[in-house]
Amino acid sequence: AGPERPQVVSHVQQALSYTVFDCKWVPRSARLLCLGSAARGTGLVQLYELHGARLELLREIEKPKPIKCGTFGATSLQQRYLATGDFDGNLNIWNLEAPEIPVYSVKGHKEIINSIDGVGGLGIGEGAPEIVTGSRDGTVKVWDPRQNDTPVANMEPVQGESKRDCWTVAFGNAYNQEERIVCAGYDNGDIKLFDLKTMSLRWETNIKNGVCSVEFDRKDINMNKLVATSLEGKFHVFDMRTQHPTKGFASVSEKAQKSTIWQVRHLPQNRDIFMTSGGSGSLHLWKYEYPAQRSKKDSEGSEMGVAGSVSLLQNVTLSTQPISSLDWSPDKKGLCVCGAFDQTVRVLIVTKLNKI
């Protein structure tokens, strides 16, 4: 409890009149978006601007279906188009300057799109701009907005395999034009790693509890670390540098709290620091420490990874309801936004991040 510990300060709280499912910073701006569902069952996008200690509502856009998730990851910094997944399985891309009609739209899934991620935009990750969607219908699909209607990849259950609700998807390993990985987490604890270069399942494991959120520490480097959070308050950090032929990736797990860990988000300016958000309305800030050696040889001479350790830097309880969404500002270190089921969006400032 030294003076150098970061503090998580609630800077602005904004009450909302609807359920917020996702919030995102608009890149290169002091603006943020809240995405969700109005009481009458329509979808809402609200655009706010941060002015000192208050949020000013700039625009409210209503859409036919509740909006579950959004990403800017497959767009240029000039355009900053928002891609969204809704309760009806639609993937839409919006120009927020002219949001009446989507610039791209596809009925991507038969059921709700739970999770979305983008890569190849914003100068993050090599290769084409692509969007991945994960749905309750059990499929994970990758879309190139320059191609109409058909996904460039479709990962679905094989014949005879029961379909599992996909709760979370994330891109990684996009460090050159050819390489790209999608990680997906499912309601039964399955984690699957799809290699888009070889169009094959590269690795899978099961963490015994529904996987709420997965994220690589960086999208645009050789796979380094992956964090997966679960329904029962545990998270797992996998070292993705060394894949053992039978044991897969080394990992360390941590029981953060008794309730669900809804989200994990890595600090854009330091990939070894990440925040988890919980069902108890709390946020936990963590730091990953690498081991002295990241790999060793097993008795057969195969390389196997060595997991590091995780330390808690700070935790704070902000709400009586789950904090279901979390986003760090890509531009201002320590600036963060989170949305909770108490129908409040909060802008947070995390201090002293340059001291750790």
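Residues numbered from 1 in each chain as written. Predicted model: local features only at pLDDT ≥ 70, side-chain atom pairs only at ≥ 80, totals over all residues. Heavy atoms only, no water.

A.B. asks: An account of the overall build of the protein is requested, with residue identities and associated values reported.
C.D. replies: Each helix and strand in the protein was counted, giving zero helices and 30 strands. On C-alpha atoms alone, the protein measures out to a radius of gyration of 19 Å, which is about the 21 Å that the 2.2 N^0.38 rule sets for 356 residues. Seen along its three principal axes, the alpha-carbon backbone of the protein occupies a region of about 60 × 55 × 35 Å. Counting all 356 residues of the protein, 57% fall into the buried class. Long-range pairs, those at least 24 residues apart, make up 50% of the contacts in the protein with a sequence separation of at least 6. As displayed, the protein has an accessible area near 14,900 Å², and 46% of this comes from carbon and sulfur atoms. Between the mean site of the 42 positive side-chain charges and the mean site of the 40 negative ones, the protein shows a separation of 4 Å. (Helix = DSSP H or I, 4+ residues; strand = E, 2+ residues; numbered from the N terminus. Rg over C-alpha atoms; globule rule 2.2 N^0.38 Å. Buried < 20%, exposed > 50% of the residue type's maximum accessible area, 1.4 Å probe, protein only. Contact = heavy atoms within 4.5 Å. Areas by Shrake-Rupley, 256 points an atom, 1.4 Å probe, with all protein chains shown as cover. Lys, Arg positive; Asp, Glu negative; His and termini not counted. Charge placed at Lys NZ, Arg CZ, Asp CG, Glu CD.)

A.B. asks: Residues and numbers for the UniProt feature "repeat: WD" (unreviewed entry) in the protein, please.
C.D. replies: UniProt feature "repeat: WD" (unreviewed entry): in the numbering of this structure it lies at residues 131–153. Taken end to end, residues 131–153 is 0% helix and 43% strand, and its first and last C-alpha atoms sit 10 Å apart. (UniProt positions renumbered as here; feature names shortened; annotations may be inferred.)

A.B. asks: So what's going on with the sheet that holds strand E8 (residues 90–94)? Which residues, and what values?
C.D. replies: The strands that make up a sheet pair up through hydrogen bonds in the backbone, lying either parallel or antiparallel. A sheet is described by the order of its strands in space; here four strands give the open sequence E6-E7-E8-E9, paired in antiparallel fashion. A strand with exactly one partner marks an edge of an open sheet, and here the two such strands are strand E6 (67–71) and strand E9 (104–107). Ignoring strand direction, the axes of neighbouring strands in this sheet form an average angle of 20°. Sheet topology note: the E8/E9 ladder contains four bridges and is antiparallel. The partner of asparagine 90 across the bridge, within E9, is lysine 107. (Pairing = 2+ DSSP bridges. Axes fitted to C-alpha atoms, helices over the stretch in contact; angles between N-to-C directions.)

A.B. asks: Requested: an account of the sheet that holds strand E12 (residues 140–143), with residues and values cited.
C.D. replies: Spatially, the four strands line up as an open sheet ordered E10-E11-E12-E13, and their pairing is antiparallel. The sheet terminates laterally at strand E10 (113–119) and strand E13 (153–155), the two strands that pair on one side only. The mean inter-strand angle of the sheet, taken between neighbouring strand axes irrespective of direction, is 15°. In the sheet, strand E11 (residues 130–135) pairs with E12 via four bridges, with the strands oriented antiparallel. Opposite threonine 133, over in E12, you have lysine 141 as the bridge partner.

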